[in-house]
Amino acid sequence: MNFDLDEELIAIQQAAREFAEKEIAPTVDEDDRAHRFRRDLVRKMGEMGFFGCVVPEEYGGTSSGWISLVIITEEISRIHSSMRVAINMQVGPARALVDFGTEAQKKHFIPKIVSAEWLSCFAITEPDAGSDVGAMRTTAIKDGDHYVLNGSKTWISNAQVGDVALVYAYTDPKIKYKGMSAFMVDLHSPGISSRPISEKLGALASPTGELFFDNCRVPKENLLGKEGDGFKICMTELNSTRLSCGAGAVGVARACREASVQYANQRVQFGQKIGEFQMIQDTIAQMVVQEEAARLLLYRAAALKDKGQPNTLETSMAKYYAGETCAFAADSALKIYGAYGYSGEYPIERYFRDSRSYQIVEGSANIQKVIIAQDALGYRKANR
Ligand code: GRA
C-alpha cells in the first residue's frame, strides 16, 4: 500500500492546518480555560467541508474519503483536541444516515448536519452501559405513529448544545441486542432535557452532558433502518468514528512531539541543550516512531474503507495504538518540560489532560484489545 498523499489530500491537509492555526490557535488557551464551546468555529468547519468527507455530494458532502477525514482530524486536534470532537459529532450521525437512512431521511438531515447548521450528536452510553452497549436500558416503545422514548444517556458530547441526536434504545428489551433500534431525534422535542457534565479532566471546550427522555414522542419516520437494526448500526457507526478519534489522538501526540523537540533544543541544563542528553533522545525517538506508526495504522484502516473493504480489525488496531501513543507522548512531553510542563504557562498540561480521553472514548483501549485478541485467537473474527 502506498501512503504518499496525492495532490488532493495534500491540499486538504494544508487547508485544515491553515484553518486550525489561523482560526483555532489564537484563542485556544482562553477557550479551554473558559470551557468555551466555539459554535462559530464549528460552523466554519462545516463551511470548509470538514464534516462532509464521507458524505456524497448530493447530500452536501465532498466525498473526499476516509483518509481525508483522518488527515483533517489530526490537523484540528494538533491545535485543540476539544475541537476535533465536533468532527465525530457531525460525521458519526451523517455517515450512519448515508449507510442506513431512507432517501427522505438523508435529504432531511444530512445537508444540515454536514454544514453544521444543526449540531448533532449520538447517544449510546448510559450510567450502567459503557463498554457493554447491550446493557443499555433506554426504551422506545411503539405507540401508533410514534415511538415513546424513556431513559437517560450520559457522557454525551454536545448533549446540551445539540439540535439532533442519533439515539439508541430498545424497541424490544426482551431479545437483548436484537431488539435495539436507532432513531434520529430532534433534541428540541418535548420530553427531552439535558444536564451538563462540567467537572472533567480534559476536552474542556467540548460540551459533555446527560440526556433525559421522559415520554418523548419520536415520529416513526425517524427510525433508522428497521426495528432491531440498532446494534448493527451502532457498531458500524463506531467503526467510522473510531477512525477519526484515533486521528485526534495522533494530533495530540504530534503536538507533544513538536513541542518537546522545540523545548529540547532550547532548554539548557548542565551547559548543554537537553536534547543533547541521550535520555531525552531516547524519549524523542520513541515519540517519533510511535506517532508515525499510529498514523500509518490509521491510514491503512482508512484506505481499506475507501476501497469498500472490511476494516473493523484494522480500525481497532489503529484506535488502540493511537490512544497509547497519545498517552505516552503527553506523559513524555510533561517529563521533558518538567515544572514548566506542569504549569499553565505552556500547553503541555492541556495536552496531558486531553490525552487521557483517547484510552477511554469510542471503545476503551481494553475493548479494542478484546476485538484484536479475539480475532487473533480465532474466537470471533472482527472483519465480517
Ligand atoms: O452475528 P450477529 O448477527 O449476532 O451480530 C453480532 C455481531 O456480528 C452482534 O453485533 C454484531 N457486531 C457487529 N456488526 C458490525 C459486533 N461487532 C460488529 C461490528 N464492528 N460491525 C452482537 O455482537 P457481539 O460481539 O456478541 O456483541 P457484544 O459482545 O455485546 O459487544 C461487542 C463490543 C464489546 C465490541 C461492543 O459492545 C463495543 O464495541 N463496545 C464498546 C462501546 C463503545 O465503543 N462505546 C463508545 C461510546 S460513544 C463515544 O465514546 C463518543 C466519543 C466521541 C469522541 O470523542 O469521538
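Further up the page is the structure itself.
Residues numbered from 1 in each chain as written. Predicted model: local features only at pLDDT ≥ 70, side-chain atom pairs only at ≥ 80, totals over all residues. Heavy atoms only, no water.

Visitor: Can you tell me about the overall build of the chain, naming the residues and giving the values?
Guide: The secondary structure content of the chain amounts to 12 helices and 10 strands. What you see for the chain is a C-alpha radius of gyration of 21 Å, in line with the 21 Å of a compact globule of 384 residues. In terms of overall dimensions, the chain has C-alpha extents of about 80 × 45 × 40 Å along its principal axes. Each of the 384 residues in the chain was classed as buried or not, and the buried ones make up 54%. Counted over contacts in the chain with a minimum sequence separation of 6, partners at least 24 positions apart contribute 73%. Summed over its atoms, the accessible surface of the chain is roughly 16,700 Å², and 52% of this surface lies on carbon and sulfur atoms. (Helix = DSSP H or I, 4+ residues; strand = E, 2+ residues; numbered from the N terminus. Rg over C-alpha atoms; globule rule 2.2 N^0.38 Å. Buried < 20%, exposed > 50% of the residue type's maximum accessible area, 1.4 Å probe, protein only. Contact = heavy atoms within 4.5 Å. Areas by Shrake-Rupley, 256 points an atom, 1.4 Å probe, with all protein chains shown as cover.)

Visitor: I'd like to hear about helix α5 (residues 81-100), residue by residue, with values.
Guide: Compared with an ideal rise of 1.5 Å per residue, which puts 20 residues at 28 Å, α5 spans 29 Å between its outermost C-alpha atoms and is within 8% of the ideal. With 18 of its 20 residues buried, α5 lies for the most part within the structure. (Expected span 1.5 Å × (residues − 1).)

Visitor: Before we move on, could you go through the pairing of strand β1 (residues 120-123) and cite the residues and values that matter?
Guide: Where burial is concerned, the two faces of β1 agree: the one with S120 and F122 and the one with C121 and A123 are both buried. As paired strands, β1 and strand β4 (residues 164-170) are joined by four bridges and run parallel to one another. Across the sheet, residue C121 finds its bridge partner in β4, namely A165. (Pairing = 2+ DSSP bridges.)

Visitor: With reference to specific residues and values, describe the side chain of T73.
Guide: Note on placement: T73 falls in helix α4 (residues 66-79). For T73, a relative accessible area of 0% translates into the label buried. Side chain to side chain, T73 and S244 meet in a polar contact 3.1 Å long. (Polar contact = N/O pair within 3.5 Å; in protein donor to acceptor, adjacent residues only side chain to side chain.)

Visitor: Go over the site of the ligand with me, naming the residues and quoting the values.
Guide: For the ligand, the set of nearby residues contains 23 residues, the closest of which are R84, Y177, R242, E362 and R380. One of the backbone N or O atoms of S131 is found 2.8 Å from a nitrogen atom in the ligand. Contact distances for the ligand include 2.3 Å between an oxygen atom and a side-chain N or O atom of Y177. Against a free-state accessible area of 1,100 Å², the protein chains account for coverage of 74% of the ligand. Looking at the shell around the ligand, the elements with two or more residues in it are α5, α7 (230-264) and α12 (365-377). The element best represented in the shell around the ligand is α7, accounting for four residues. By residue class, the composition of the shell around the ligand is 11 nonpolar, six polar and six charged. (Near = heavy atom within 4 Å. Nonpolar A, V, L, I, M, F, W, Y, C, P; charged D, E, K, R; others polar.)

Visitor: Outline the pattern of salt bridges, supporting the account with residue identities and numerical values.
Guide: Inspection of the entire model under this criterion finds 32 salt bridges. Residues D31 and R36 are paired through a salt bridge, measuring 2.7 Å at the closest nitrogen-oxygen approach. A salt bridge links K226 to D229; the nearest nitrogen and oxygen atoms lie 3.8 Å apart. Residue class for K226 comes out exposed when judged on its relative accessible area of 56%. Residue D229 is classed as buried on the basis of its relative accessible area, which comes to 12%. (Salt bridge = Lys/Arg side-chain N within 4 Å of Asp/Glu carboxyl O.)

Visitor: Outline helix α11 (residues 348-355), supporting the account with residue identities and numerical values.
Guide: Most of α11 is tucked away, with six of its eight residues classed as buried. Regarding α11, the residues found buried are I348, R350, Y351, R353, D354 and S355. Considering only its buried residues, α11 is in contact with α2 (28-33), α4, α5, α7, α9 (312-337) and α10 (339-342).

As far as function goes, none of this settles anything; it's purely spatial.
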